[in-house]
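Report on the structure
If you want the building blocks of each chain, they are given just below.
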Amino acid sequence: MTLPENMSRRVLLMKLGMAFNACVGAVLAIPILRYLLSPIVSGHKGAYPRWLGLGPLTQFPAGQTRLGTFVNPDVQPWDGATAKSACWVRRIDGENLQVFAINCAHLGCPVRWFPEAGLFMCPCHGGVYYEDGTRASGPPERGLFEYRYKIENGNLLILAGELPTPGSPTASLVQIGKFPCG
Ligand code: FES
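Bear in mind that the values here come from a model prediction, so they are computed numbers and not experimental data.

1. Focus on the overall build of the protein chain
Along the backbone of the protein chain there are one helix and eleven strands. Along its sequence from the N terminus, the protein chain presents helices and strands in the succession α-β-β-β-β-β-β-β-β-β-β-β. Going through the 182 residues of the protein chain one by one, you find that 23% of them count as buried. Partitioning the contacts of the protein chain with sequence separation of at least 6, the portion at a separation of at least 24 is 47%.

What follows is the structure, encoded as structure tokens:
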């Protein structure tokens, strides 16, 4: 192979190396850019928060706390069962309810309801909450997160879609209760 007069072998190899590095950099940058731009280009913008159905209100008897499930709005075909999220629904009476996020306010482990004790308990670090979601003991610094809810045509809907955290628009830091319809 003959090289141009003014190009040494060393310069040629350096340029080939730079071209190769540029190609590798571009290949590595594509997934990072896709991740960073996905909220804009994937059309998922505005997926949260959204009113999501928990089913007929009759599934939640007055005076009881029951598990409710909803499907996240930002679902991919490969999500399978992970597209579903759970929450705890406490129906006090009539249309007076509390809907708690299932995740502990400490580090997010799923809390369980123990009707005999009237307490929510977290299996991770022993966090305990009263039936109204307020903190009873343990590491959590606050009570359970609550979803806003409304009842439409006999169905219970909550404003949800993402894991609630302090400051999240989908879960209140204080008890909000029933959200006005419309
Ligand atoms: S995650 Fe529940 S007490 Fe730590």
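2. Observations concerning the sheet that holds strand 2 (residues 64-71)
By definition, the strands of a sheet pair up through backbone hydrogen bonds, in either a parallel or an antiparallel sense. In spatial order, the strands read 2-3-4-9; together these four strands make up an open sheet with antiparallel pairing. Strands with a single pairing partner mark the edges of an open sheet, and in this sheet they are strand 2 and strand 9 (146-147). As paired strands, strand 3 (residues 84-93) and strand 4 (residues 96-101) are joined by six bridges and run antiparallel to one another. Along strand 4, the bridge assignment pairs V89 with V99.

3. A look at the sheet that holds strand 8 (residues 135-137)
Spatial ordering of the open sheet is given by 5-6-7-8, a layout of four strands whose pairing is antiparallel. On the outer flanks of this sheet lie strand 5 (112-114) and strand 8, each paired with one strand and no other. Within the sheet, the average angular offset between the axes of one strand and its neighbour, ignoring direction, is 35°.

4. Re the pairing of strand 11 (residues 155-160)
Within strand 11, five of the six residues are buried, which leaves it mostly tucked inside the rest of the structure. In the sheet, strand 1 (residues 50-56) pairs with strand 11 via six bridges, with the strands oriented antiparallel. Bridge pairing in strand 11 links R50 to A160.

5. Re unusual backbone geometry
For residues besides glycine, phi is generally negative; the peptide bonds are generally trans as well. For N153, which is not a glycine, the phi torsion comes out positive at approximately 50°. On the secondary structure map, N153 appears in the loop between strand 10 (149-152) and strand 11.

6. Some remarks on the pairing of strand 10
Summarising the sheet, strand 10 and strand 11 pair through four bridges and their orientation is antiparallel. Looking across to strand 11, one finds that K150 is bridged to L157. What sits between strand 10 and strand 11 in their antiparallel hairpin is a turn of two residues, with N153 showing a positive phi close to 50°.

7. Observations regarding the environment of F100
Along the chain, F100 turns up in strand 4. On a C-alpha basis, the gap between F100 and R148 in space is 9.2 Å, while along the polypeptide they are 48 residues apart. Once residues within four sequence positions are removed from consideration, F100 is found in contact with C87, W88, G133, L144, F145 and E146.

8. Remarks on the confidence of the model for the protein chain
Per-residue pLDDT for the protein chain has a mean of 84; in total, 79% of the residues score no lower than 70. Low pLDDT, under 50, characterises residues 173-182; the stretch is placed with 13 contacts to residues that sit more than four places away or in other chains.

9. Some remarks on the nonpolar core
Ranked by internal contacts, the top residues of the largest apolar core, which has 27 residues, are C87, V99, L144, Y147 and I158. Ranked by the residues each element gives to this core, the list is headed by strand 11, at five residues.

Rules behind the numbers
Residues numbered from 1 in each chain as written. Predicted model: local features only at pLDDT ≥ 70, side-chain atom pairs only at ≥ 80, totals over all residues. Helix = DSSP H or I, 4+ residues; strand = E, 2+ residues; numbered from the N terminus. Buried ≥ 20, exposed ≤ 12 C-beta atoms within 10 Å, placed from the backbone. Contact = placed C-beta atoms within 7 Å. Pairing = 2+ DSSP bridges. Axes fitted to C-alpha atoms, helices over the stretch in contact; angles between N-to-C directions. pLDDT = per-residue confidence, 0-100. Core = buried A, V, L, I, M, F, W, Y, C linked by C-beta atoms within 7 Å.

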